[in-house]
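Overview (structure and organization)
Each chain is listed here by its residues.
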Amino acid sequence: MLDALRSIPTQMDYKGQKLAEQIFQGIILVSAVIGFIYGYITEQFGWTVYIVMAGFALSCLLTLPPWPMYRRNPLKWLPVQDLGTEDKKPGDRKPKRHTKS
């Protein structure tokens with residue numbers, strides 16, 4: 001069971017994050033406008049709140065999980081390089097020369 005959960009991808013690339021943010025804000029904005037108009041027409045503020053909450057739930061469902069559309073541009077990491085700092089001795093460093101003012 002734990003292996004099945006670990007196999008689920010949890011990362012999202014930068015372009016996917018931007019897309020998710022745009023989708024989230026768009027759904028929230030549209031649901032707020034629709035909720036306000038419907039609540040104004042029916043004179044029921046409760047319907048406004050319900051519609052905005054439904055928009056919030058829909059936007060969370062569409063943007064919080066790392067769907068494949070948010071992972072199309074993975075980062076290309078540089079290969080690991082050996083620094084080799086453990087072979088150098090403190091005496092091998094060049095002394096820093098400071099200029100006099």
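Everything numeric here is computed off the predicted structure, so don't read it as measured data.

1. Here we look at the environment of Arg72
Checked against the element boundaries, Arg72 lands in the segment after helix H3 (45-63). Judged by relative accessible area, which is 65%, Arg72 ranks as exposed. Put simply, Arg72 and Gly16 are 56 residues apart on the chain and 7.4 Å apart in space, counted from C-alpha to C-alpha.

2. Things to note about the packing of aromatic side chains
A full pass over the atoms with the stated rule returns four aromatic pairs. Aromatic side chains Phe36 and Tyr40 sit 6.2 Å apart centroid to centroid with 20 degrees between the ring planes, which places their arrangement in the stacked category. Residue Phe36 and its partner Tyr40 are located together in helix H2 (residues 14-42), separated by four residues, close to a single helical turn. The pair Phe36 / Tyr40 is uniform in exposure class, with both members exposed. Arranged with centres 5.7 Å apart and planes meeting at 85 degrees, the rings of Tyr38 and Trp47 form a pair that is edge-to-face. On the basis of relative accessibility, which here comes to 37%, the residue Tyr38 falls in the partly exposed class. On the accessibility criterion, Trp47 (42% relative accessible area) is partly exposed. Here the aromatic residues Tyr38, Trp47 and Tyr50 are joined through ring pairs into a cluster of three or more.

Calculation notes
- For every chain, the first residue of its written sequence is number 1, and the numbers climb from 1 along that sequence.
- The predicted origin of the model limits local features to residues at a pLDDT of at least 70 and limits the giving and counting of side-chain atom pairs to 80 or more, whereas totals for whole chains, interfaces and linings rest on all residues.
- Only heavy atoms go into the side-chain values, all of them from the structure, while hydrogens and water stay out.
- For helices the rule is a DSSP run of H or I covering at least 4 residues; for strands it is a run of E covering at least 2, with both sets numbered from the N terminus onward.
- Here's how the labels work: a residue is buried when its accessible area is under 20% of the maximum for its type, exposed when over 50%, partly exposed in between, all with a 1.4 Å probe on protein chains only.
- Here is the rule: rings of Phe, Tyr and Trp (six-membered ring for Trp) pair when centre to centre is within 6.5 Å. Planes less than 30 degrees apart are stacked, more than 60 are edge-to-face, and the remainder are tilted.

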